[in-house]
Amino acid sequence: MPTISKDYYDVIVVGTGPAGFACAVRCAQLGLNTACINNRQDANNKDTHLNTGSIGTMALLESAKKYHSLIHEFAQHGILANDIILDMSVMLHRKDKILAEIGDKMIDLFNKHNIDHIHAKARLLSSQQVELIADNTGLKSVINAKYIILASGSESITLPNIYIDNEFIFDAKAALNINQVPKKLAIIGAGVMGLELANIWSRLGAETILLEAQENFLSVLDHEISGIAFSTFQNQGLDLRLGARVISAKKGNKYINIEYQDQEGTHTLKVDKMIVACGTRPNTANLAAPEANLLLDQDGYVYVDNNCRTNLPGVYAVGDLTLLGPMLAHKGIEEGVFVADFIAGINNPINYEILPSVIYTEPEIAWVGQTEQALRSTGEPINIASYPLNSNIRAIAVDKREGVVKIIAHAYTDKILGIHIIGNHASELIAEAVLALEFSASSEDIARTIHARPTLSESLHDAALILKNRAWNFPEQFNT
Ligand code: NAD
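Just so it is clear, the structure is predicted and the values come from calculations on it, not from any experiment. (Residues numbered from 1 in each chain as written. Predicted model: local features only at pLDDT ≥ 70, side-chain atom pairs only at ≥ 80, totals over all residues. Heavy atoms only, no water.)

Asker: Can you explain the sheet that holds strand β10 (residues 207–212)? Please cite residues and give values.
Answerer: Strand order in the open sheet formed by five strands is β8-β15-β9-β10-β11, with parallel pairing between adjacent strands. Two strands bound the open sheet, and with one partner strand each, they are β8 (169–171) and β11 (239–242). When strand polarity is set aside, the average angle formed by the axes of neighbouring strands in this sheet is 20 degrees. As paired strands, β8 and strand β15 (residues 273–276) are joined by three bridges and run parallel to one another. For aspartate 171, the partnering residue across the bridge sits in β15 and is valine 276. (Pairing = 2+ DSSP bridges. Helix = DSSP H or I, 4+ residues; strand = E, 2+ residues; numbered from the N terminus. Axes fitted to C-alpha atoms, helices over the stretch in contact; angles between N-to-C directions.)

Next comes the structure, spelled out in structure tokens:
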């Protein structure tokens, strides 16, 4: 039976991914008596609030980049290394240590705020009641609250005809624990997750093939950026096969035999390991008892209004559970904090129009606001400038020249409508772009803002100067 110090709370938060965690801490800060229910455990069966996916990816990407640089880039700096050894167990241990450190910090924060953490599976019974089911015994109990916040996140989509054993065929999460670099690796799905994983394993030396059902690569991105990304990743050696829908995969004696279809017919492919990264769906199976009458849509997303309110009074849903904005950790965090404030009588609405997105590949891809194709489709009069990073002196000095910074502004008002970046540190550069959009800045504002030299951020300044026809350090005008 889960340990419960009381049976009535002001707030119960179900799930402590980024959204639920932020929500619980903010509720406690606002003086609300808060309990959090979570049944996640780390590799050592210790309770954790940490969603290991994104941080594990960050940790391994860093290791993979270092290994790749040592082999392919260090010699240009006059640094020569012989007998390079890749010890995957040390690399994975480092990743797990980072996860443990961050997980411990989160538990400290919970304890500091006197949040009751209950380890159990939760099921909504009514607008004020949650059933707790103990993991090991299955014993049940019920707790009550004035407000209930659902934040149970999302889970990986599996494919029919493919059995994930996490030994040869992995889901995206388990793919961060592969303990030997595969010789030949197939990744199903060239979405954000598939690309980030491909960047890790190809940099560590795996021959990596991405099979993507859609004909268009990263179609949500600005098409100029997705085009650059496609050729850059291909030049790096990623084997990107578009319009390739995987229909089955079976583990044979030595290899995994994959069957996929494209316009030319059915193909087979033999690989050592395979990762399924075909998207995620909201974690709503058994989240609510049928008699609770929680309204879900046909895909299992919790129905919410613009204030994250479900159809049940006092019950809210935040993060990946809803269709309010994309499945992004920072969106979930904002919603968690918003709901805590909202029930405490503070209304700080979220601006869903200005949400940064990042793909943590090398080079990184980051964007905010609208794409060129979306604006053109509505006939919006726009001006565009794309500044190539191979003209930025910091990019040249560090030899990371690939990519562009693209600014789209309204043709009459000059208001910035979208900024799209592919390049080194795009995930950091995008912060300035987000601030610009949040403050309704014009390209003139960025053009007049002094940027430190030599920095990558000058490329935003230079793109804005191109838009204003005053670029002084760039041989060609790129505005259209
Ligand atoms: P996704 O939907 O972005 O990509 C999945 C891809 O798999 C799609 O392009 C789809 O066409 C393809 N696919 C599906 N079935 C297939 C099949 N049978 N054969 C070949 N291809 C197939 O999902 P994801 O990359 O798994 O990410 C899930 C969610 O998590 C997304 O919302 C994403 O934004 C989010 N996420 C964000 C980050 C980040 O912010 N950096 C990182 C990872 C995930």
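Asker: So what's going on with unusual backbone geometry? Which residues, and what values?
Answerer: Residue proline 363 follows glutamate 362 across a cis peptide bond; omega there is 5 degrees. Along the polypeptide, proline 363 turns up in the loop between β18 (357–359) and β19 (364–369). We note that leucine 218 has phi near 40 degrees; this positive angle belongs to a residue other than glycine. Take leucine 218: it is sitting in the loop between β10 and α5 (223–235). Judged by relative accessible area, leucine 218 falls into the buried class, the value being 9%. (Buried < 20%, exposed > 50% of the residue type's maximum accessible area, 1.4 Å probe, protein only.)

Asker: Could you give an account of the sheet that holds β18, with specific residues and numbers?
Answerer: Pairing in this open sheet of five strands is antiparallel, and the strands run β18-β19-β22-β21-β20 from one edge to the other. Unpaired on one side and paired on the other, β18 and β20 (382–388) mark the two borders of the sheet. Looking at each pair of strands side by side, their axes are set apart by 10 degrees on average, direction ignored. The sheet contact formed by β20 and strand β21 (residues 404–410) spans seven bridges and is antiparallel. Within β21, the residue paired with alanine 385 across the bridge is isoleucine 407. Taken strand by strand, helix α11 (residues 458–467) contacts β20, β21 and β22 (416–423), and its axis lies near 135 degrees from that of β20. (Contact = heavy atoms within 4.5 Å.)

Asker: Run through the site of the ligand, naming residues and quoting values.
Answerer: Close to the ligand lie 22 residues, the nearest being Met193, Glu196, Glu212, Gly279 and Val358. A distance of 2.8 Å is found between an oxygen atom of the ligand and a backbone nitrogen or oxygen belonging to methionine 193. In the environment of the ligand, an oxygen atom lies 2.9 Å from a nitrogen or oxygen atom belonging to the backbone of glycine 279. Across the complex, the protein chains shield 77% of the 860 Å² of accessible surface that the ligand would expose by itself. Broken down by secondary-structure element, the contributors of at least two residues to the shell around the ligand are α4 (192–203), β10 and β12 (245–251). It is α4 that provides the largest number of residues to the shell around the ligand, a total of three residues. (Near = heavy atom within 4 Å. Polar contact = N/O pair within 3.5 Å; in protein donor to acceptor, adjacent residues only side chain to side chain. Areas by Shrake-Rupley, 256 points an atom, 1.4 Å probe, with all protein chains shown as cover.)

Asker: Which residues make up the domain arrangement of the protein chain, and what values do they have?
Answerer: When the domains of the protein chain are assigned, the result is domain 1 (8–155 + 281–352), domain 2 (169–278) and domain 3 (363–477). Computed from C-alpha coordinates alone, the two centres of domain 1 and domain 2 are separated by 27 Å. With 16 residues of domain 1 in contact, the opposing surface of domain 2 contributes 13 residues. Surface buried jointly by domain 1 and domain 2 totals about 1200 Å² across both partners, of which 73% is contributed by carbon and sulfur atoms. Viewed at the interface, domain 2 and domain 1 are joined by zero salt bridges. At the junction of domain 1 and domain 2, the tally comes to three residue pairs in polar contact (both at pLDDT 80 or more). Looking at the side of domain 1 that touches domain 2, the elements with two or more residues in it are α2 (52–72) and α3 (88–112). Top contributing element to the side of domain 1 that touches domain 2 by residue count: α2, with ten residues. The class makeup of the residues in the side of domain 1 that touches domain 2 is eight nonpolar, five polar and three charged. (Domains from an automatic or database assignment. Buried area = accessible area lost by both parts, 1.4 Å probe. Salt bridge = Lys/Arg side-chain N within 4 Å of Asp/Glu carboxyl O. Nonpolar A, V, L, I, M, F, W, Y, C, P; charged D, E, K, R; others polar.)

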